[in-house]
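Remarks on the overall topology
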Protein chains: 2
Amino acid sequence: MDKAPRIAIDAMGGDGGPATMIAGVAQACDRDSSLRFTLFGDEAAIRAELARYPQIADSRVVHCDDVITGDDKPSQAIRRTKTSSMGGAILAVKDGEAVAAVSAGNTGALMAIAKLSLRTMHGIDRPALAALMPTLGDQDVVMLDLGANTDCDARNLVEFAVMGAAYSRLALGVASPRVRLLNIGTEELKGTGELKDAAAMLRQQTGGAWRFDGFIEADRVCRGEVDVVVSDGFSGNIALKAMEGTARFITDLLKRAFSSSLRSKAGFLLSRPAFALLSHHLNPNNHNGAVFLGLNGLVVKSHGGADANGVANAIDVAAKIARQDLTRRITDDLEDFRSHAVEPQPSQEGVE
Amino acid sequence: MDKAPRIAIDAMGGDGGPATMIAGVAQACDRDSSLRFTLFGDEAAIRAELARYPQIADSRVVHCDDVITGDDKPSQAIRRTKTSSMGGAILAVKDGEAVAAVSAGNTGALMAIAKLSLRTMHGIDRPALAALMPTLGDQDVVMLDLGANTDCDARNLVEFAVMGAAYSRLALGVASPRVRLLNIGTEELKGTGELKDAAAMLRQQTGGAWRFDGFIEADRVCRGEVDVVVSDGFSGNIALKAMEGTARFITDLLKRAFSSSLRSKAGFLLSRPAFALLSHHLNPNNHNGAVFLGLNGLVVKSHGGADANGVANAIDVAAKIARQDLTRRITDDLEDFRSHAVEPQPSQEGVE
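All values reported here derive from a predicted model rather than from experimental measurement.

The biggest cluster of nonpolar side chains holds 254 residues, and the ones touching the most others in it are F37 and Y167 of chain A together with F37 and Y167 of chain B. Contacts of F37 of chain B, omitting those with residues within four sequence positions, involve R6, I7, I9, V25, A28, C29, I56, S59, R60 and I315 of chain B.

This is the structure in structure tokens:
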């Protein structure tokens, strides 16, 4: 791979627009000056921001008239692949101009354009959106799918397990990731037919660089007992949003509680280092950068509300998975899994 | 209704067994001395605990040899309805001996026994498990279904909406509850076919004592913007557990942060009133008592890990919904909804 990896940036996506995206690019460059960038979007707006950051003055700028908004349907967005800043960034990956694309725009549109332009990897039916979440343990946990696929069958879930394990090994350095399926109970008889079938297929797995540990309930995801949590995109999105919402809910309650009296305010000041530690753990910007796994090309989704630090973290993720050749690793792991897999028994569902 | 409502208690369910359950009964009696109790389970164990609480010495005790455990399948549990403490408590409701049953045992077994013994209300296909969750607003939010039904069709979801609204009005006194369907986006095109169909049916609703506000994402449930959140039991359980797990995760992080230095410890001591406020909000015991809605009889599920205070709260819930005649209120609301409902357009799913 090129010694100076080039990242394609959709400069128009996200709540903060070009100002936040380009501030994030500058921060990413401060951390790793070997990175190079191609910025897609309104050229005048981009150049105005670029003028503030001499360290990324050599970035390429590709003007695009069109911006895909949060209201655009995926079916509309794919027709604007060639004209939009989001589509431009993805096509740069397809054409080999960039090693990865980063966008903070509409997730559904990003997924649709990426899938159509880059195509899924050989042997993968559907790509999945994966992110790292903080835990009480030493390592983050990989969660996928977080919303790319509303309905999934058992084979999709098995593919997500293989891809998630590969991502855990690469991104976190976990030697033998512990993989579980998200369910509403841990007993074998719990959950949907798809989950039971996927569990049966995963239990057949022998050898390989990861292991399947059965089901997990949503309250145990962050305890540090598991490295990869696999779900369909609907459940995964519900779990992720419930976690994010609860973290914000508690932060808001804390603020309210600590401003309720002078004594509490004094306690807060004294405890500031403790809160800083907590807030570092909970700040979603520190975990920004969800990865689309299973495509012939790397695409990273930055949270729409991420600040410049969050955008820089998403760019870090993109650079890291590009350097580590995530796509090849997933291909190898899939082949390994298939070579060891025994054809599963058909589900009993519907027979009873 | 009887001036001294009698509550049937499964004294054997829950992690703490009879000691916790009967301590909870005693606390409930301290709060409301008009309550009477029938206790089901091992008579010797129950009498030993009862001896400690003279205020509930007049409780009836019904000996049952059999205890349903967390490992028992629902299909096994229903065969033991007559012999088990859980089944005994539910049959007491069926026979009119008690106005409501409270159990901290196996949820799936409780659901199966309750459904078979009490039957669903006229016009209700499936019962749902509903609980109150804290919010940033003045009122708790009702969430249902929390795990009684893994798969739900659109009509089930509509019935849950009607039942949840009735529960919100009764339990929380909300005049016109705002009802939403849990989804992975708020746009009309998001989510499963069942959700889209249910939304179409709910939008037809005119008049009535509640209103449908569309979809809600899991991160907005606790913001105080909604009174009833409706989902299938799988998604609802995932959301509930993710919320509980995140609350515990953050509490653990806080403890760790505040014991990280002497300074932080001092800050913690100074801030103790603020933490007490937070912990009151987050302690699941203060929100204990999930209700099975849609049965011809009232059954309340206490959390398996609840302490005596939590059990007392679950008993409070049971007494309250019995006094307010929740079953009749739901029947009236269902009739009202059906009299106003327009037959929905068939789903476009599968046609495209």
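Side chains that are three or four residues apart share a direction in an α-helix, a result of its 3.6 residues per turn. All names here are of chain A. In this model helix 1 (residues 17–31) runs 22 Å from its N-terminal to its C-terminal C-alpha over 15 residues, within 8% of the 21 Å that 1.5 Å per residue would give. For helix 1, a buried count of eleven out of 15 residues is recorded, marking the element as mostly surrounded by other parts of the structure. Residues G17, P18, T20, M21, I22, A23, G24, V25, A26, A28 and C29 constitute the buried set of helix 1. Its buried side turned inward, helix 1 meets strand 1 (6–10), strand 2 (36–41), helix 2 (43–50) and helix 11 (308–323).

Residue and element names in this part refer to chain B. Enumeration according to the criterion identifies one aromatic pair over all chains in this entry. A ring pair is formed by W210 and F337, whose centres lie 5.9 Å apart and whose planes are at 25 degrees; its orientation type is stacked. Of this pair, W210 sits in the loop between helix 7 (193–203) and strand 8 (211–216) while F337 sits in helix 12 (residues 326–340); the two residues are 127 residues apart in sequence, bridging distant segments of the chain. Assigned by exposure class, W210 and F337 land together as buried.

It is worth spelling out the sheet that holds strand 8 (residues 211–216) of chain A at this point. All names here are of chain A. Spatial ordering of the open sheet is given by 3-2-1-4-11-10-5-6-9-7-8, a layout of eleven strands whose pairing is mixed. Strand pairing shows two members of the sheet lacking a second neighbour, strand 3 (60–63) and strand 8, which therefore form its edges. Geometrically, the sheet is characterised by an average inter-axis angle of 25 degrees between neighbouring strands, direction not taken into account. Sheet strands touched by helix 11: strand 1, strand 2, strand 4 (100–103), strand 10 (290–293) and strand 11 (298–301). Its angle to strand 11, the strand with the most contacts, is close to 160 degrees.

Now for unusual backbone geometry. With an omega of -5 degrees, the peptide bond between L144 of chain A and D145 of chain A qualifies as cis. Checked against the element boundaries, D145 of chain A lands in the loop between strand 6 (141–144) and helix 6 (154–172). In the Ramachandran plot, D325 of chain B falls in the positive-phi region, its phi being about 60 degrees despite a non-glycine side chain. Looking at the secondary structure, you find D325 of chain B in the loop between helix 11 (308–323) and helix 12.

Interface size is often expressed as the accessible area that is lost when the parts come together. You can read the domains of chain A as domain 1 (1–118) and domain 2 (125–286 + 326–352). Here the C-alpha centre of domain 2 of chain A lies 28 Å away from the C-alpha centre of domain 1 of chain A.

All names here are of chain A. Two numbers describe how helix 1 lies on helix 2: the axes approach to 9 Å, and their chain directions differ by 45 degrees. By the angle class used here, helix 1 and helix 2 are oblique. The element helix 1 and its partner helix 2 pack so that their crossing is right-handed. Each of P18, A19 and I22 in helix 1 lies in contact with helix 2, whose residues at this interface are A45, I46, E49 and L50. Here the residues of the contact of helix 1 with helix 2 are counted per class, giving six nonpolar, no polar and one charged.

Within the element layout of this structure, G14 of chain B appears in the loop between strand 1 (6–10) and helix 1 (17–31). If near-sequence neighbours (up to four positions away) are discounted, G14 of chain B is found in contact with A104, G105 and G304 of chain B.

On to the sheet that holds strand 10 (residues 290–293) of chain B, then. All names here are of chain B. Spatial strand order, 3-2-1-4-11-10-5-6-9-7-8: eleven strands in an open sheet with mixed pairing. Unpaired on one side and paired on the other, strand 3 (60–63) and strand 8 mark the two borders of the sheet. Strand-to-strand, the axes of this sheet are offset by a mean angle of 25 degrees, without reference to chain direction. As defined by bridge partners, strand 1 adjoins strand 2 (residues 36–41) across five bridges and the pair is classed as parallel. Considered in strand 2, the bridge of I7 is made with F37. Across the sheet, helix 11 touches strand 1, strand 2, strand 4 (100–103), strand 10 and strand 11 (298–301), and the angle it forms with strand 11 is around 160 degrees.

All names here are of chain B. Buried residues dominate strand 5 (residues 128–133), accounting for six of its six residues. Because side chains alternate across strand 5, one face comprises the buried residues A128, A130 and L132, and the other comprises L129, A131 and M133, equally buried. Examined bridge by bridge, strand 5 and strand 10 share three bridges and lie antiparallel to one another. Residue pairing across strands places L129 opposite F292, the latter belonging to strand 10. Alignment of strand 5 against strand 6 (residues 141–144), held across four bridges, turns out to be antiparallel. Looking at strand 6, one finds that M133 is bridged to V141.

What follows deals with the pairing of strand 3 of chain A. Residues and elements named next belong to chain A. Of the pairings in the sheet, the one linking strand 2 to strand 3 comprises four bridges and is parallel in character. Note on strand 3: the bridge partner recorded for L39 is V61. Since strand 2 and strand 3 lie parallel, the crossover through helix 2 that links them has a hand, and here it is right-handed.

A few words on the interface of chain A and chain B. Counting residues at the interface gives 55 residues for chain A, matched by 55 residues for chain B. Across the interface of chain A and chain B, roughly 5,100 Å² is buried in total on both sides, 70% from carbon and sulfur atoms. On the chain A side of the contact with chain B, I184, F234 and F249 of chain A bury the most area, a combined 13% of that side's loss. Linking chain A to chain B there are four salt bridges. Residues D252 of chain B and R223 of chain A are paired through a salt bridge, measuring 2.9 Å at the closest nitrogen-oxygen approach. Inspection of the chain A/chain B interface yields six residue pairs in polar contact (both at pLDDT 80 or more). When residues in the side of chain A that touches chain B are grouped by element, the largest group, 20 residues, is from helix 8 (residues 233–258) of chain A. Residue composition of the side of chain A that touches chain B, by class: 30 nonpolar, 13 polar and twelve charged.

Calculation notes
- Residues numbered from 1 in each chain as written.
- Chains lettered and ligands numbered in written order.
- Predicted model: local features only at pLDDT ≥ 70, side-chain atom pairs only at ≥ 80, totals over all residues.
- Heavy atoms only, no water.
- Core = buried A, V, L, I, M, F, W, Y, C linked by side-chain atoms within 4.5 Å.
- Buried < 20%, exposed > 50% of the residue type's maximum accessible area, 1.4 Å probe, protein only.
- Contact = heavy atoms within 4.5 Å.
- Helix = DSSP H or I, 4+ residues; strand = E, 2+ residues; numbered from the N terminus.
- Expected span 1.5 Å × (residues − 1).
- Phe/Tyr/Trp six-rings, centres within 6.5 Å; stacked < 30°, edge-to-face > 60°.
- Pairing = 2+ DSSP bridges.
- Axes fitted to C-alpha atoms, helices over the stretch in contact; angles between N-to-C directions.
- Domains from an automatic or database assignment.
- Parallel < 35°, antiparallel > 145°, perpendicular 65-115°, else oblique.
- Left-handed = near helix turned anticlockwise from the far one by under 90°.
- Nonpolar A, V, L, I, M, F, W, Y, C, P; charged D, E, K, R; others polar.
- Right-handed = clockwise from strand over helix to strand, strands pointing away.
- Buried area = accessible area lost by both parts, 1.4 Å probe.
- Salt bridge = Lys/Arg side-chain N within 4 Å of Asp/Glu carboxyl O.
- Polar contact = N/O pair within 3.5 Å; in protein donor to acceptor, adjacent residues only side chain to side chain.

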